[in-house]
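What follows is the residue order along each chain.
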Amino acid sequence: VQLAESGGGLVQAGGSLRLSCTASGIFDIGTMGWYRQAPGKQREVVATINKNGAADYADSLKGRFTISRDGASHTVSLQMNSLEPEDTAVYFCYVRSLLTRREYWGQGTQVTVSS
């Protein structure tokens, strides 16, 4: 199973970025999502979306971030608006097998928000 992430980068506060992650080598994708880890902090959930399209967000991010998925292409995306310096982190794509419940992680993509 491979997760290919893209879309990270440097943006000014108030700007937007869109992250995408495409999964390959897995046919029974259940929940997909994004986590992030800031320097010196634990990894935390950003948003998840299940096979039926139901999304769940970290409370602090509701209204600014939107997660979506394309079942045909095995892609999960994260639209991030009104970015703040506190959003600076490495963002990791996450996929869980529907049958085995095994979790898979991308290598991470850096998002840096300058003030």
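Here, the structure is the one placed above.
Residues numbered from 1 in each chain as written. Predicted model: local features only at pLDDT ≥ 70, side-chain atom pairs only at ≥ 80, totals over all residues. Heavy atoms only, no water.

1. Looking at the side chain of Thr 48
Inference 1: Here Thr 48 is to be found in strand β5 (residues 44–49).
Inference 2: Ignoring anything within four residues of it in the chain, the contact list for Thr 48 reads Thr 31, Met 32, Gly 33, Ala 54, Ala 55, Asp 56 and Ile 67. (Helix = DSSP H or I, 4+ residues; strand = E, 2+ residues; numbered from the N terminus. Contact = heavy atoms within 4.5 Å.)

2. Structural notes on a nonpolar patch on the surface
Inference 1: A cluster of nonpolar side chains, Phe 27, Leu 98 and Leu 99, forms an exposed patch at the surface whose accessible area comes to about 380 Å².
Inference 2: Examined against the element boundaries, Phe 27 turns out to sit in the loop between β3 (17–24) and β4 (29–37). (Patch = residues over 30% accessible without salt bridge, like charges linked within 9 Å, V, L, I, M, F, W, Y side chains within 5 Å. Areas by Shrake-Rupley, 256 points an atom, 1.4 Å probe, with all protein chains shown as cover. Salt bridge = Lys/Arg side-chain N within 4 Å of Asp/Glu carboxyl O.)

3. Here's the deal with the pattern of salt bridges
Inference 1: Enumeration over the complete set of coordinates arrives at five salt bridges.
Inference 2: Taking the shortest distance from any N to any O, the salt bridge between Glu 44 and Arg 36 comes out at 2.7 Å.
Inference 3: Owing to a relative accessible area of 8%, Arg 36 belongs among the buried residues under this scheme.
Inference 4: In this structure, Arg 36 engages Asp 87 in a salt bridge whose closest nitrogen and oxygen atoms are separated by 3.0 Å. Taken together, the positions of Arg 36 in strand β4 and Asp 87 in the loop between β8 (75–80) and β9 (89–97) put the pair 51 residues apart, joining distant regions of the chain.
Inference 5: Classification of Asp 87 by relative accessible area gives buried; the value is 1%.
Inference 6: The network of salt bridges with common partners includes Arg 36, Glu 44, Arg 64, Glu 84 and Asp 87. (Buried < 20%, exposed > 50% of the residue type's maximum accessible area, 1.4 Å probe, protein only.)

4. Some details on the packing of aromatic side chains
Inference 1: Counted under the stated rule, the structure contains three aromatic pairs.
Inference 2: Between Tyr 35 and Tyr 94, the ring centres sit 5.4 Å apart and the planes meet at 55°, which makes this aromatic pair tilted. Taken together, the residues Tyr 35 in strand β4 and Tyr 94 in strand β9 connect sequence positions 59 residues apart.
Inference 3: Taking relative accessible area as the criterion, Tyr 94 reaches 3% and is therefore assigned buried.
Inference 4: When the ring of Tyr 35 is compared with that of Trp 105, the centres are 5.0 Å apart and the planes differ by 75°; the resulting orientation is edge-to-face. (Phe/Tyr/Trp six-rings, centres within 6.5 Å; stacked < 30°, edge-to-face > 60°.)

5. Considering the nonpolar core
Inference 1: Judged by nonpolar contacts, the single largest core of 30 residues is most densely connected at Trp 34, Leu 78, Met 80 and Tyr 91.
Inference 2: Put simply, the parts of the chain that give this core at least two residues each are β3, β4, β5, β7 (65–70), β8, β9 and β11 (109–114).
Inference 3: Setting aside residues no more than four positions away along its own chain, Leu 78 makes contact with Leu 17, Arg 18, Leu 19, Trp 34, Val 46, Ala 47, Phe 65, Thr 66, Ile 67 and Tyr 91. (Core = buried A, V, L, I, M, F, W, Y, C linked by side-chain atoms within 4.5 Å.)

Note that every value here comes from positions in space, so none of it alone points to a role or purpose.
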